[in-house]
Amino acid sequence: MNPMIISDSRRKAAGAILTLAGGACWGLSGSMGQYLFDKEGMDVRWLVPIRLGLAGLILLAFCFARSGRHIFDPWKTARDRRDLLIYGLAGVSACQFLYFTTIQLSSAAVGTILQDLSPAMILLVSCLLARRKPKSMEIFAILLALFGVFLLSTGGNPQKMQVSPAALLTGVLCAICVTVYNMVPGNLMKKYPVVLMQGWSFLMGSAAIALIFRSWTWQYVPTPMGWFGVGFVVIVGNVLAFPLYIQGIKYIGPERGSLYGFSEPVTAAIISTTILDSSFNPADAVGFASIFLMLVLISLSGKKVN
């Protein structure tokens, strides 16, 4: 057998495993967030600044150990500073805050699946920028995404919302932020490591959210299990999940990666239902399947999504 074929096969298998692991880590982190909100009485405005700050410091320390003062290079030119601020604040950090807000208002399963609407949004923006009409398959994919959101939010009954309007709004806004950080920083990603961009984004987001909500004035004191949960969402949800997923993407490409990344909402749904007592009915299952099929169709259409 051709050794190149074996090597390529192993590369694809490794990419699939890494991408699945990264998505599962995000799902576990979201589920832990739900536990912290429901059982430990934490608030997203207290948790997220700490989570982002610790993760940012860890990633920047790692980058400094490898590159020294080069970690400050993104701040040296006006264009890079502008792009980093948009990417870090309007994209990555806003996404993190809105994701956990959606979880606090609903569940980890709902938060993760609404975030996965981003490929449909990226598709629409790409069509607008290219000044072309979506293909038939792409239109069908977008309709599937809308149908999935309808089922998740109403259970099939438009007269009864099973997800609050606030959770639906923050979940959709989270997907918009994912679209921002996927499409805006093309120049940055060509010049700097992704881990460095994430480190600065997390640190900026931590400072911004803490200032907006004056998080240091909160009198909340976590239990030992609460502190364990904070460490879990930092290490598993930030420090581990992103590098695993990105490395997997390098092996198998973003199109397949977006499909394997569906392990995130699946993991969150299983844990939310079996351990955290969240409801999950047949309409929810069809809604999940519709959004997953949307990802498949967009991947087949050849669009690059992350």
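Residues numbered from 1 in each chain as written. Predicted model: local features only at pLDDT ≥ 70, side-chain atom pairs only at ≥ 80, totals over all residues. Heavy atoms only, no water.

1. Comments concerning the packing of aromatic side chains
- As enumerated under the stated definition, the model contains nine aromatic pairs in all.
- Geometrically, the ring pair formed by Phe 72 and Trp 200 is tilted, given 5.8 Å between the ring centres and 50 degrees between the ring planes. Note that Phe 72 is positioned in the loop between α2 (44-67) and α3 (78-105) and Trp 200 in helix α9 (residues 194-213), a separation of 128 residues in sequence.
- Here Trp 200 falls in the buried class, since its relative accessible area comes to 11%.
- Taking the centre distance of 6.2 Å and the plane angle of 40 degrees together, the rings of Phe 228 and Phe 232 count as tilted. With Phe 228 and Phe 232 both in helix α10 (residues 224-252) and four residues apart, the pair spans about one turn of that helix.
- On the basis of relative accessibility, which here comes to 22%, the residue Phe 232 falls in the partly exposed class.
- Through pairs of rings, three or more aromatic residues link up here, namely Phe 37, Tyr 99 and Phe 100. (Phe/Tyr/Trp six-rings, centres within 6.5 Å; stacked < 30°, edge-to-face > 60°. Helix = DSSP H or I, 4+ residues; strand = E, 2+ residues; numbered from the N terminus. Buried < 20%, exposed > 50% of the residue type's maximum accessible area, 1.4 Å probe, protein only.)

2. Re the pattern of salt bridges
- The final tally for this structure, using the stated rule, is six salt bridges.
- In this structure, the salt-bridge partner of Asp 43 is Arg 45, at a minimum N-O distance of 2.8 Å.
- We classify Arg 45 as partly exposed; its relative accessible area is 31%.
- The partner of Arg 132 in a salt bridge is Glu 138, with the nearest N and O atoms 3.1 Å apart.
- Classification of Arg 132 by relative accessible area gives partly exposed; the value is 25%.
- You can call Glu 138 buried: its relative accessible area is 1%.
- Three or more residues joined by partner-sharing salt bridges are found here, namely Arg 79, Arg 82 and Asp 83. (Salt bridge = Lys/Arg side-chain N within 4 Å of Asp/Glu carboxyl O.)

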